[in-house]
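Take a look at the letters that make up each chain.
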2 protein chains.
Amino acid sequence: MDINAESSRAGLKIGQLAQATTCNIETIRYYERAGLLPLPPRSQGGYRIYELEHVKRLNFIRRSRDLGFSLEEVRALLRLVDARGRSCNEARALAAQHLTDVRAKITDLKSMERVLRTMIARCKDGNLPDCPLIEALFRESCLRSGDLAP
Amino acid sequence: MDINAESSRAGLKIGQLAQATTCNIETIRYYERAGLLPLPPRSQGGYRIYELEHVKRLNFIRRSRDLGFSLEEVRALLRLVDARGRSCNEARALAAQHLTDVRAKITDLKSMERVLRTMIARCKDGNLPDCPLIEALFRESCLRSGDLAP
DNA sequence: TATAAACCCTGTAGTAACTACAGAGTCAAG
DNA sequence: CTTGACTCTGTAGTTACTACAGGGTTTATA
C-alpha cells in the first residue's frame with residue numbers, strides 16, 4: 001500500500017512542477033530569480049525539490065497572470081498573501097485598479113476594431129485606383145486617445 | 001516675400017520631424033535602423049535632413065501603430081505602398097487578419113473583466129475571514145482560452 | 001569674436017516577461 | 001557502463017521602444 005509514498009514524500013522536480021502547473025520550466029526559474037517563488041531546497045545533485053506549497057503559489061501566479069496582472073502586481077498580491085492580516089482592502093484596491101486598466105484597454109481595442117472594420121469595408125467595395133485602406137493610413141488621424149497599451 | 005523659403009527648401013532636422021509627427025526622436029532613429037524609414041540625406045555636419053515624403057511615411061507608420069499593427073505588419077504594409085500595383089487584396093488580407101487578432105484580444109479582455117468584476121464584488125460584501133479575492137486566485141481555474149495576448 | 005545654449009550624432013544598455021540556447025553535470029534503466 | 005532523459009548555470013534573444021554617455025555642430029547672444 002501507499003504505492004507512490006516515496007515520490008510524494010520526495011517532492012517534485014522542476015519538470016514535474018512544470019507539468020503540474022502547465023508552466024514552462026524556464027519560466028519557473030525566471031519567477032524564482034524574480035523573487036516570486038521562494039528558493040526551494042535542493043537534492044544532493046543540486047536539483048530543485050518542490051512541495052505542494054510551491055504548486056499552490058505557482059498556480060496563484062499563473063492565474064493572476066492569466067487575468068492580466070503584471071508581475072509587479074502579482075508581487076504585491078503575494079505580499080498580501082504572505083502578510084496575513086486584513087488584506088481585503090488592499091487586494092480589492094489592486095484588483096479594482098487593474099479592472100480599470102482592463103476596461104480602458106477594451107475601449108482602446110474597440111476603437112481600433114471600428115476603424116479597421118470601416119477601412120476594410122471601404123477597401124472591399126469597388127476597384128478604386130489606389131487602395132483606400134492604405135490611403136486611409138496616410139490620411140487619417142486615428143485614435144490617439146489613451147495610449148494605454150504598452 | 002517667401003519668408004520661410006529657406007527653411008522649407010532646406011528640409012527638416014530630426015527634432016522638427018519629431019514635432020511634426022509627435023514622434024520621439026529616438027523612435028525615428030529606431031525606425032530608420034529597423035528599415036521602416038529610408039536613410040535620409042545628411043547636412044555637412046552630419047545631421048539628418050528630412051523632406052515631406054518622410055513626414056508622410058512616418059505618419060503612416062504612427063497611424064498603423066496606433067491601430068495596433070506590429071512593426072512587422074507595418075513593414076508588410078509599407079512594401080505594398082512601395083510596390084505600386086494592385087495592393088488592395090493584400091492590404092485587405094493584412095488588415096483582416098489584424099482585425100481578427102484585435103477581436104480575439106477584446107474577447108480575452110472581456111473575460112478578464114468579468115472575472116475581476118466578480119472577484120471584487122465577492123470581496124466587497126461581508127467581512128469574511130480570508131480575502132475571497134485572494135482565495136479565488138488560489139482556487140479558480142481562470143480563463144486559459146486563447147492566450148492571445150503576447 | 002567668443003562662448004554658451006540648444007541641438008544633433010553614435011553606440012550601448014535598459015524596460016517586461018519570458019524563451020532559447022550552450023555547455024556542463026546528474027540520474028535511472030538496460 | 002553507457003545511453004538517454006533530465007537538470008544545472010549563465011547568457012542572449014524577443015518587441016518596440018526609451019534613456020543615457022560622451023562626443024560634435026549650430027546658433028544666438030554678450
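Residues numbered from 1 in each chain as written. Chains lettered and ligands numbered in written order. Predicted model: local features only at pLDDT ≥ 70, side-chain atom pairs only at ≥ 80, totals over all residues. Heavy atoms only, no water.

**Looking at the interface of chain B and chain A**
- The interface is formed by 55 residues belonging to chain B together with 55 residues belonging to chain A.
- Here chain B and chain A share an interface that buries about 4,700 Å² over both sides, 73% of which is from carbon and sulfur atoms.
- The interface formed by chain B and chain A contains two salt bridges.
- Between B:Glu113 and A:Arg103 there is a salt bridge whose closest N-O contact spans 2.5 Å.
- Counting across the interface, chain B meets chain A through six residue pairs in polar contact (both at pLDDT 80 or more).
- Of all the secondary-structure elements, those providing two or more residues to the side of chain B that touches chain A are α4 (52–66), α5 (71–82), α6 (88–124) and α7 (132–139) of chain B.
- Class assignment for the residues of the side of chain B that touches chain A results in 28 nonpolar, eight polar and 19 charged. (Contact = heavy atoms within 4.5 Å. Buried area = accessible area lost by both parts, 1.4 Å probe. Salt bridge = Lys/Arg side-chain N within 4 Å of Asp/Glu carboxyl O. Polar contact = N/O pair within 3.5 Å; in protein donor to acceptor, adjacent residues only side chain to side chain. Helix = DSSP H or I, 4+ residues; strand = E, 2+ residues; numbered from the N terminus. Nonpolar A, V, L, I, M, F, W, Y, C, P; charged D, E, K, R; others polar.)

**What about the protein's contact with DNA strand C?**
- Inspection of the region around DNA strand C gives 20 residues, with A:Thr27, A:Tyr47, A:Arg65, B:Arg29 and B:Arg48 positioned closest.
- What you see for DNA strand C is that sugar and phosphate hold 73% of its atoms within 4 Å of the protein.
- In the model, a phosphate oxygen of DNA strand C is placed 2.6 Å from a nitrogen or oxygen of the A:Arg65 side chain.
- Elements supplying a minimum of two residues to the surface near DNA strand C: α3 (25–33) and α4 (52–66) of chain A together with α2 (14–21) and α3 (25–33) of chain B.
- In terms of residue class, the surface near DNA strand C is made up of seven nonpolar, six polar and seven charged. (Near = heavy atom within 4 Å.)

**Details of the pattern of salt bridges**
- A complete count under the given rule lists 14 salt bridges over all chains for this structure.
- We note a salt bridge from A:Glu135 to A:Arg139, for which the minimum N-O separation is 3.9 Å. Of this pair, A:Glu135 and A:Arg139 are both found in helix α7 (residues 132–139), four residues apart, which corresponds to roughly one turn of the helix.
- Linking B:Arg75 and B:Glu72 is a salt bridge whose minimum nitrogen-to-oxygen distance equals 3.3 Å. Of this pair, B:Arg75 and B:Glu72 both sit in helix α5, three residues apart, which is roughly one turn of the helix.
- When salt bridges that share partners are traced, they join A:Arg103, B:Glu113 and B:Arg117 into one network.

**Some thoughts on unusual backbone geometry**
Residue and element names in this part refer to chain A.
- Despite not being glycine, Thr 22 has its phi angle at roughly 45°, a positive value.
- You can see Thr 22 is positioned in the loop between α2 (14–21) and α3.
- The class for Thr 22 is exposed, based on a relative accessible area of 57%. (Buried < 20%, exposed > 50% of the residue type's maximum accessible area, 1.4 Å probe, protein only.)

**A look at the protein's contact with DNA strand D**
- Close to DNA strand D lie 20 residues, the nearest being A:Arg29, A:Arg48, B:Thr27, B:Tyr47 and B:Arg65.
- Sugar and phosphate atoms form 75% of the subset of DNA strand D atoms that lie within 4 Å of the protein.
- In the environment of DNA strand D, a phosphate oxygen lies 2.6 Å from a nitrogen or oxygen atom belonging to the side chain of A:Arg29.
- Contacts to DNA strand D include A:Arg42, whose side-chain N or O atom sits 3.0 Å from a phosphate oxygen.
- Elements that contribute at least two residues to the surface near DNA strand D include exactly α2 and α3 of chain A together with α3 and α4 of chain B.
- Counting residues per element, the surface near DNA strand D draws most heavily on α3(B), which supplies four residues.
- Here the surface near DNA strand D is built from residues that sort into seven nonpolar, six polar and seven charged.

**Describing the relation of the copies chain B and chain A**
- Expressed as a screw transformation, the operator carrying chain B onto chain A has a rotation angle of 180° and an axial translation of 0.0 Å, and the superposed copies differ by an RMSD of 0.1 Å. Such a combination of rotation and displacement between the chain copies is what one expects of a two-fold axis. Identified as the residue of chain B closest to the rotation axis by C-alpha distance is B:Ile106, at 2.9 Å.
- When the interface residues of chain B are mapped onto chain A, 100% of them again fall at the interface, so both copies present the same face. (Least-squares fit on C-alpha atoms with pLDDT ≥ 70 in both.)

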